[in-house]
Amino acid sequence: MNASVAGTNAAIMGASGATKTVGGAAMYPTRDIIDNAVNSRDHTTLVAAVKAAGLVDTLKGSGPFTVFAPTNSAFSMLPAGTVDTLLKPENKGTLTQVLTYHVVPGRVDAAALAQQIQAGGGKAMLKTASGGTLTATLRGKDVVIVDAKGNMSVVTTADVYQSNGVIHVVDKVLLPG
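Draft legend 1. Looking closely at the overall build of the protein chain. A count of helices and strands for the protein chain gives eight helices and nine strands. Taking 16 Å as the expected radius of gyration for a compact globule of 177 residues, we find that the protein chain reaches 15 Å, a close match to that expectation. In terms of overall dimensions, the protein chain has a C-alpha envelope of 50 × 35 × 25 Å along the principal axes. With 177 residues in all, the protein chain has 45% of them scored as buried. Pairs at least 24 residues apart make up 62% of the contacts formed inside the protein chain by residues separated by at least 6 positions. Accessible surface for the protein chain amounts to roughly 8,000 Å². Of this, 54% is attributable to carbon and sulfur atoms. For the protein chain, the separation between the mean place of its 14 positive charges and that of its 11 negative charges on side chains is 3 Å.

And the structure:
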């Protein structure tokens, strides 16, 4: 690992298995993604969307999953009415596609992501559960996730370990192509 990737890795990676606080709540590595996410006041929109899409049981499953979890603020940056429209029962398919675009099968923590970015010559291509692709790059010490539409989301909190995966909090909603 080169010095800049090592420095970034050290900056974004917490102690493996350590309890972190997200949205004012402790995220326990012994609990699953859903059991932790429901306690974060910064992720109430995401939790409501996961429930509306019928993905609770999936994300309570054994996984492992890597979830790029947009905050409530990230959802509020979408055009007015987007979230309300997606939460309607008739749009469950679209909502499911958007949400599963934020999920990468496997446990990709900051160290693994930094290694993939380095091995990829500055970017890592991540295949999502929806079948799409996310591109991870570095911008200074920040890990940036780019969606199919070219929108960029910054990982603001990395390595929130769960019993069935890892969550990386992001500042924008990622959209499939």
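Read on, since the account is not over.
Draft legend 2. Region of the structure containing the layout of surface pockets. Estimated volume of the largest pocket: approximately 300 Å³. Looking at the largest pocket, it is lined by 30 residues, and the ones nearest its centre are Ile-33, Val-50, Leu-59, Val-67 and Val-103. Per-element tally for the lining of the largest pocket: the top contributor is strand E3 (residues 65-70), with five residues. Along the lines of polarity and charge, the residues of the lining of the largest pocket split into 23 nonpolar, seven polar and no charged.

Draft legend 3. Highlighting the pattern of salt bridges. Enumeration according to the criterion identifies two salt bridges in this entry. Between Lys-60 and Asp-32 there is a salt bridge whose closest N-O contact spans 3.0 Å. With Lys-60 in the loop between helix H4 (56-59) and E3 and Asp-32 in the loop between strand E2 (25-27) and helix H2 (33-37), this pair connects stretches of sequence that are 28 residues apart. The exposure class of Lys-60 is partly exposed, given its relative accessible area of 34%. A single network of salt bridges, built from pairs that share partners, joins Asp-32, Asp-35 and Lys-60.

Draft legend 4. Layout of the pairing of E3. Along E3, six of the six residues are buried, which leaves the element largely enclosed by surrounding structure. Neither face of E3 is exposed, since Phe-65, Val-67 and Ala-69 on one face and Thr-66, Phe-68 and Pro-70 on the opposite face are all buried. Sheet topology note: the E3/strand E4 (residues 103-105) ladder contains three bridges and is antiparallel. Among the inter-strand pairings, Val-67 is bridged to a residue of E4, identified as Val-103. In this structure, E3 lies alongside strand E9 (residues 165-170), joined through six bridges in parallel fashion. Across the sheet, residue Pro-70 finds its bridge partner in E9, namely Val-170.

Draft legend 5. Region of interest: the packing of helix H3 (residues 44-53) against helix H7 (residues 92-100). In contact at an axis separation of 9 Å, H3 and H7 are set at 125° when each is read in the N-to-C sense. What the angle tells us is that H3 and H7 run oblique. When you trace H3 past H7, the crossing you get is left-handed. Taking contact as the criterion, the partners of Leu-46, Ala-49, Val-50, Ala-52 and Ala-53 in H3 are, on H7, Lys-92, Leu-95, Thr-96 and Leu-99. Considered class by class, the residues forming the contact of H3 with H7 number seven nonpolar, one polar and one charged.

What counts and how
- Residues numbered from 1 in each chain as written.
- Predicted model: local features only at pLDDT ≥ 70, side-chain atom pairs only at ≥ 80, totals over all residues.
- Heavy atoms only, no water.
- Helix = DSSP H or I, 4+ residues; strand = E, 2+ residues; numbered from the N terminus.
- Rg over C-alpha atoms; globule rule 2.2 N^0.38 Å.
- Buried < 20%, exposed > 50% of the residue type's maximum accessible area, 1.4 Å probe, protein only.
- Contact = heavy atoms within 4.5 Å.
- Areas by Shrake-Rupley, 256 points an atom, 1.4 Å probe, with all protein chains shown as cover.
- Lys, Arg positive; Asp, Glu negative; His and termini not counted.
- Charge placed at Lys NZ, Arg CZ, Asp CG, Glu CD.
- 1 Å grid on protein atoms, 1.4 Å probe; cavity = no way out; pocket = protein on both sides within 12 Å on 5 of 7 lines; lining within 4 Å.
- Points joined across faces, edges and corners; volume = space filled by probe spheres on them.
- Nonpolar A, V, L, I, M, F, W, Y, C, P; charged D, E, K, R; others polar.
- Salt bridge = Lys/Arg side-chain N within 4 Å of Asp/Glu carboxyl O.
- Pairing = 2+ DSSP bridges.
- Axes fitted to C-alpha atoms, helices over the stretch in contact; angles between N-to-C directions.
- Parallel < 35°, antiparallel > 145°, perpendicular 65-115°, else oblique.
- Left-handed = near helix turned anticlockwise from the far one by under 90°.

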